[in-house]
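Descriptive structure summary
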Amino acid sequence: MKQLNIILLILTGLLVFACGSDENPSPKLDAPLALNASNITQNAFTAKWVGVANAKSYQLDVSISNTFASYVDGYQSKSVSDIKAEVDGLDANTEYFYRVRAVNGETISDHSITIKLTTSIPADVPLKEAAQGFFIGNVVQSNRMTGMHKTLLNREFSSITAEYEMKMNIMYPQDGVYDWTRSDAIVDFAVNNGLNLHGHALIWHNSTPDWVENYTGTDAEFEAMVEDYVKTVVTRYKGKVKSWDVVNEAIEDGSGDYRNSVFYQRMGAGYIAKCFKWAREADTDVLLFYNDYNLCDNGNKLTTVLNMTDALLADDVPIDGLGFQMHITYNWPARDKIEAASQKVIDRNLKLHFAELDVRANPNNDLTSLTNARSLELKDKYKEIAEIYTAIPTENKYALTIWGLRDNESWLLNFWGHIDWPLLYDADFNEKDAYYGFLEGLMK
Ligand code: XIL
């Protein structure tokens, strides 16, 4: 009896359906058949479905709940004209649900079935292994070389740079008196841990000791002092320091003129070429870089640096590469600017060091905590930088160096005087979204 009822019910249903479609075509649209997601990564997937006759477009919902109690930002009834859609900005290793409806004008179909998927778990590859053919660097301070600092430097990084203790004011505090305490400790740490060591920086106007700023001798004596300093330092760490920033930030920001440093005043613009030659005389194998900031989005400055470099090369001055200090923000400079500036270095057959990478998440100081949305924007920028650097020809690559481990240790907090989260690790050494973006970029 029960079975008969069911059969009758089905027959009635079919009859109604058949009559309806024969005589008076229903405006009703079928619900799309949602298919399993494809291209699932840590933070994205492709949602797909079978197209519905007469549908002009579709509406896609994505949620972390199977009841669609809330929606992933931007994916509530998101209009899609295709029969698939890329869903991104998601969290790794997280369960998501999607469903779709067909639309034709005012007519909207029922929801499709709900599809479930889980984004991939973050790749468990250290940064230094993901990077093919170049170093992944970070900075050290002599009092930050134990515990988690040491663990992370060894696990994730293949190169280190002294954040400030291999600069002139620390190594050469008084005329004729060198102090190697901290620089030696850092060099020993690199050697003992098998890390490449990038030397930073022999000549920098911002780390010149007072006695040099106020030098009392003649210009000739000044020049002899600088020669002795460059040669003494490079010789001491010969074979251990694999590359040096010989001159740092010699060009002014706005005008693109030479910076009026004590070195420029005492020795003229030629001080740069001389320092490179002295460094080469002290170590024939070490790579020698000129390093500066705002080179990717400051036409004047980049032009001056390139003209200077061309002149050095024409004079057979031993310069191996340029360092772009990558003190950038989550939305600046644009990818094409960075690529165009990089190409100019590649065109000169020089090495390009992406040095001092940190990405300000809060450049306008409008956040008091790192929001999820901004964290994902930061992640995208880190990924972009890693992609750009990875795409550079192998012979032009050297290292991609990040300027700090933990957010709360970044020099930017003091420099700008407000909170920011510019690095790959939070204050507790947890990997941030930025870390995974950077890793993804390296693995592309
Ligand atoms: C900064 C360090 O991060 C600080 O610890 C130090 O007090 C000052 O210098 N450009 C450079 C780096 O070339 O040497 C600077 O590092 C940041 C700007």
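The rules behind each value
Residues numbered from 1 in each chain as written. Predicted model: local features only at pLDDT ≥ 70, side-chain atom pairs only at ≥ 80, totals over all residues. Heavy atoms only, no water. Core = buried A, V, L, I, M, F, W, Y, C linked by side-chain atoms within 4.5 Å. Buried < 20%, exposed > 50% of the residue type's maximum accessible area, 1.4 Å probe, protein only. Helix = DSSP H or I, 4+ residues; strand = E, 2+ residues; numbered from the N terminus. Contact = heavy atoms within 4.5 Å. Pairing = 2+ DSSP bridges. Axes fitted to C-alpha atoms, helices over the stretch in contact; angles between N-to-C directions. Salt bridge = Lys/Arg side-chain N within 4 Å of Asp/Glu carboxyl O. 1 Å grid on protein atoms, 1.4 Å probe; cavity = no way out; pocket = protein on both sides within 12 Å on 5 of 7 lines; lining within 4 Å. Points joined across faces, edges and corners; volume = space filled by probe spheres on them. Nonpolar A, V, L, I, M, F, W, Y, C, P; charged D, E, K, R; others polar. Near = heavy atom within 4 Å. Polar contact = N/O pair within 3.5 Å; in protein donor to acceptor, adjacent residues only side chain to side chain. Areas by Shrake-Rupley, 256 points an atom, 1.4 Å probe, with all protein chains shown as cover. Sits in = over half its atoms within 2 Å of the grid points. Domains from an automatic or database assignment. Buried area = accessible area lost by both parts, 1.4 Å probe. Right-handed = clockwise from strand over helix to strand, strands pointing away.

Considerations on the nonpolar core
- In terms of nonpolar packing, the biggest core is built from 106 residues, with Trp244 and Phe438 touching the most fellow members.
- Residue contributions to this core peak at eight residues, all from helix α9 (residues 271-282).
- Excluding residues within four positions of it along the chain, Phe438 makes contact with Leu127, Ile136, Leu357, Tyr382, Lys383, Ala386, Leu400, Ile402 and Leu424.

Some details on the sheet that holds strand β11 (residues 196-204)
- What the eight strands build is a closed barrel, ordered β9-β10-β11-β12-β13-β14-β15-β16; its pairing is parallel. Each neighbouring strand pair of the sheet contributes to a mean axis angle of 30 degrees, computed without reference to strand direction.
- Contacts from helix α10 (residues 299-314) reach β13 (287-293) and β14 (321-329) within the one sheet, and its direction differs from that of β13 by about 160 degrees.

Some details on the pattern of salt bridges
- Counted according to the given criterion, the structure contains 27 salt bridges.
- With a shortest N-O distance of 3.7 Å, Glu95 and Lys116 are connected by a salt bridge. Placement of the pair is Glu95 in strand β6 (residues 95-104) and Lys116 in strand β8 (residues 115-118), with a sequence separation of 21 residues.
- Looking at Glu95, the relative accessible area reads 36%, which means it is partly exposed.
- Residues Glu440 and Lys379 are paired through a salt bridge, measuring 3.7 Å at the closest nitrogen-oxygen approach. A residue pair is termed long-range when its members are at least 10 positions apart, and Glu440 in helix α14 (residues 433-443) and Lys379 in helix α12 (residues 372-390) qualify at 61 residues. Each member of the pair, Glu440 as well as Lys379, is classed as buried.
- Ionic contacts of the salt-bridge type, sharing partners, join the residues Arg144, Arg406 and Glu409 into one network.

Considerations on the sheet that holds strand β5 (residues 84-88)
- Here three strands make up an open sheet; going across it, the order is β1-β2-β5 and the pairing antiparallel. The open sheet has two edge strands, β1 (33-38) and β5, and neither has a second partner. With direction set aside, neighbouring strand axes in the sheet form an average angle of 25 degrees.
- Relative to strand β2 (residues 44-50), β1 runs antiparallel, the two sharing four bridges. From the neighbouring strand, Leu33 faces β2, where its bridge partner is Val50.

Overview of empty space enclosed by the protein
- As enumerated under the stated definition, the model contains three cavities of 30 Å³ or more in all.
- Each pocket or cavity is described by its volume, and for the largest cavity that value is around 90 Å³.
- Lining the largest cavity are 13 residues, with Val139, Arg144, Glu163, Leu405 and Glu409 positioned closest to its centre.
- For the lining of the largest cavity, the secondary structure elements donating two or more residues are β9 (135-140) and α3 (147-156).
- Residue classes in the lining of the largest cavity are distributed as six nonpolar, four polar and three charged.
- In this structure, the second largest cavity spans a volume of roughly 60 Å³.
- Class assignment of the residues belonging to the lining of the second largest cavity gives a composition of seven nonpolar, three polar and one charged.

Things to note about the site of the ligand
- Taken together, the neighbourhood of the ligand is formed by Glu163, Lys167, His200, Trp204, Asn248, Glu249, Gln325, His327, Glu356, Trp403 and Trp411.
- At 2.6 Å from an oxygen atom of the ligand is found a side-chain nitrogen or oxygen belonging to His200.
- Between Trp403 and the ligand, the recorded distance is 2.9 Å, taken from a side-chain N or O atom to an oxygen atom.
- Summarising the interface, the protein chains cover 79% of the accessible area of the ligand, which totals 410 Å² for the free molecule.
- A majority-of-atoms criterion places the ligand in the largest pocket.

Let's talk about the domain arrangement of the protein chain
- Taken domain by domain, the protein chain consists of domain 1 (33-118) and domain 2 (127-442).
- When each unit is reduced to the centre of its C-alpha atoms, the spacing between domain 1 and domain 2 is 45 Å.
- Domain 1 puts four residues into the contact, and the matching count from domain 2 is five residues.
- Across the domain 1 to domain 2 interface the summed buried area is about 400 Å²; carbon plus sulfur atoms make up 32%.
- The largest share of the area that domain 1 buries against domain 2 comes from Gln42, Asn43 and Asp91, three residues that together contribute 77% of it.
- At the boundary of domain 1 with domain 2, the tally comes to zero salt bridges.
- Summed over the shared surface of domain 1 and domain 2, the result is zero residue pairs in polar contact (both at pLDDT 80 or more).
- Taken together, the residues of the side of domain 1 that touches domain 2 sort by class into no nonpolar, three polar and one charged.

Regarding the pairing of β2
- For β2, the tally of buried residues reaches five of seven residues, placing the bulk of the element in the interior.
- Between the end of β1 and the start of β2, which pair antiparallel, lie five residues, with Asn39 showing a positive phi angle near 50 degrees.
- As defined by bridge partners, β2 adjoins β5 across five bridges and the pair is classed as antiparallel. In the strand pairing of β5, Ala47 is matched with Ala85.

Overview of the pairing of strand β10 (residues 159-162)
- Residues Ser159 and Thr161 point to one face of β10 and Ile160 and Ala162 to the other, with burial holding for every one of them.
- Bridge analysis of β9 against β10 gives four bridges, and the strand direction is parallel. For Asn138, the partnering residue across the bridge sits in β10 and is Ile160.
- Taken together, β9, α3 and β10 form a β-α-β motif whose crossover is right-handed.
- Pairing of β10 with β11, which is carried by three bridges, proceeds in the parallel orientation.

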